[in-house]
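Structural overview for review
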Amino acid sequence: MTTFSTRTSLLLLLLPVVSTVFGFTSQKAAFQRTRTFNLESRRRAIGGGRRRRDGALHAGTNANEMVPLKKGSTCALITPFTTDGKIDIPGLEKLIDLHLEAQTDNLCVLGTTAEASVMSMDERALVLSTIVKKAKGKIPLLVGTGTIDPSSVKRNTQQAIDLGADASLVVPPYYVKPPQRGLIRHFTGMADLGMPVILYNVPGRTAVDLSDETIATLAEHDNIVGIKDATGDISRLTSLKKILGKEKSDNFLKYSGDDATTTDFLLEGGDGCISVTANIVPKKMHDMVHAALEGNGDLAMKLNQPLTLLHKKLFVESNPIPCKWAASRLGLIENAYCRPPLDEMDPQYIGAVEEALTAAGLL
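Let me sum up the structure you'll find in this document. Just so you know, these numbers come straight off a predicted model, no measurement behind them.

Reading the values: the criteria
- Residues numbered from 1 in each chain as written.
- Predicted model: local features only at pLDDT ≥ 70, side-chain atom pairs only at ≥ 80, totals over all residues.
- Heavy atoms only, no water.
- 1 Å grid on protein atoms, 1.4 Å probe; cavity = no way out; pocket = protein on both sides within 12 Å on 5 of 7 lines; lining within 4 Å.
- Points joined across faces, edges and corners; volume = space filled by probe spheres on them.
- Helix = DSSP H or I, 4+ residues; strand = E, 2+ residues; numbered from the N terminus.
- Nonpolar A, V, L, I, M, F, W, Y, C, P; charged D, E, K, R; others polar.
- Core = buried A, V, L, I, M, F, W, Y, C linked by side-chain atoms within 4.5 Å.
- Buried < 20%, exposed > 50% of the residue type's maximum accessible area, 1.4 Å probe, protein only.
- Contact = heavy atoms within 4.5 Å.
- Pairing = 2+ DSSP bridges.
- Axes fitted to C-alpha atoms, helices over the stretch in contact; angles between N-to-C directions.
- Phe/Tyr/Trp six-rings, centres within 6.5 Å; stacked < 30°, edge-to-face > 60°.
- Expected span 1.5 Å × (residues − 1).

Let us now look at empty space enclosed by the protein. In the structure shown here, the tally under the stated rule is four cavities of 30 Å³ or more. Volume-wise, the largest cavity comes out at about 50 Å³. Lining the largest cavity we find Asn201, Asp212, Ile215, Ile227, Asp229, Arg236, Leu237, Leu240 and Phe265. Every element with two or more residues in the lining of the largest cavity is listed here: α9 (212–218), β6 (224–229) and α10 (234–244). Per element, the largest residue contribution to the lining of the largest cavity is three residues, and it comes from α10. Residues of the lining of the largest cavity, tallied by class, amount to five nonpolar, one polar and three charged.

Below is the structure:
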């Protein structure tokens, strides 16, 4: 009996060491280590001067050069292709110049609108390195790194870190419908890589909805700095602000991901948008968003009114098909090519999109 007790005591003493060495820790304990929420560091993350902990990143990264994301208008940037499907680098550089001139506040690259899901890692590197070379330090760069496989998300995120991006946009793994606890583990693991993360809630594409409680839990991680809400439901913003509380909500970026409801989202207390429409009218979107952020609701609604039809008609087919057709029609890109399984816009929609461009004062 004495021998058994002695052995049991010895095992209990050794258990923490074994757990540390072999990683046998509970989910709760692992997550507790990530709950490093600090309001001052979060203010720096969304307002200026944030520095990353060197130990969280691989050697040779831009860890000390990350530019904080801003409140305001973020463009979900399209990727121009040549007619034979190659990435059009001069065309991409032209788009970057357009947004720098229009004072777009942030660029979201390699997302759904960029057709990143049909790009290789080498192509992602080509796009991102081109944009970094052209715009690094001039405009914050948010990179879409989310996909269905967590190992691929980590690989995409590490590439974004190494090539000079400023933050990652991570969508819940789609199709597989993970439970909320699985989503917490997933996003926490990505945030632990050391790059600021914007959550992306788009249940219409992923078939899973990030609950307010899950978002509030994730918001406690120092590297999870905001959310793109593409639900189109303004009441979700209201309930999220309530569960976060004023101080935490004020230091957690809340972007609309639905152009049609962006103005209402901003007037309800949102911080900006990640916009498809901004590909076509970047300056108009910037001005409307900033009017709302400055509390001038009447001006924001007045500026948005000519864009309402555009917000709608840019989605007559799957994004970015109509957006690329409109950009091509205006001479912003050379052609409207979309990679398979997408295609160029069906001619039956040309009249509707041209009507929207005319209403926006572009034709």
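This is not the end of the story, as more comes after the structure.
So, on to the nonpolar core. Ranked by size, the top nonpolar core spans 57 residues in total, and within it Leu77 and Ile280 carry the most contacts. When contributions to this core are tallied by element, the ones reaching two or more residues are α4 (89–102), β2 (106–109), α5 (121–135), β3 (141–144), α6 (150–163), α13 (282–293), α16 (321–329) and α17 (350–359). What Ile280 contacts, discounting residues up to four positions off in sequence, is Leu310, Leu314, Cys323, Ala326, Ala327, Leu330, Leu332, Leu357 and Leu362. Val170, Val208, Leu210 and Leu240 belong to the second-largest nonpolar core, a separate cluster that totals 20 residues.

Strand order in this closed barrel of eight strands is β1-β2-β3-β4-β5-β6-β7-β8, and the pairing throughout is parallel. Sheet twist, expressed as the mean angle between neighbouring strand axes with direction ignored, is 25°. Its contacts with the sheet put α5 on β2 and β3, and the angle it makes with β3 is roughly 175°.

Aromatic rings in a pair are described by how distant their centres are and how their planes are angled relative to each other. Summed over the entire model, instances satisfying the criterion amount to one aromatic pair. On the basis of an interplanar angle of 80° and a centroid distance of 6.1 Å, the ring pair of Phe81 and Tyr337 is categorised as edge-to-face. Of the two residues, Phe81 sits in the loop between β1 (72–76) and α4 while Tyr337 sits in the loop between α16 and α17, which places them 256 residues apart along the sequence. The pair formed by Phe81 and Tyr337 is uniform in burial state, with each residue classed as buried.

What follows deals with α13. Relative to the 16 Å expected for twelve residues at 1.5 Å per residue, α13 spans 16 Å between its end C-alpha atoms, a close match to the ideal helical length. When we look at burial in α13, the residues that qualify are Pro282, Met285, His286, Met288, Val289, Ala291 and Ala292. Check the buried side of α13 and you find it contacts β1, α4, α12 (262–267), β8 (272–275), α14 (297–304) and α15 (308–313).

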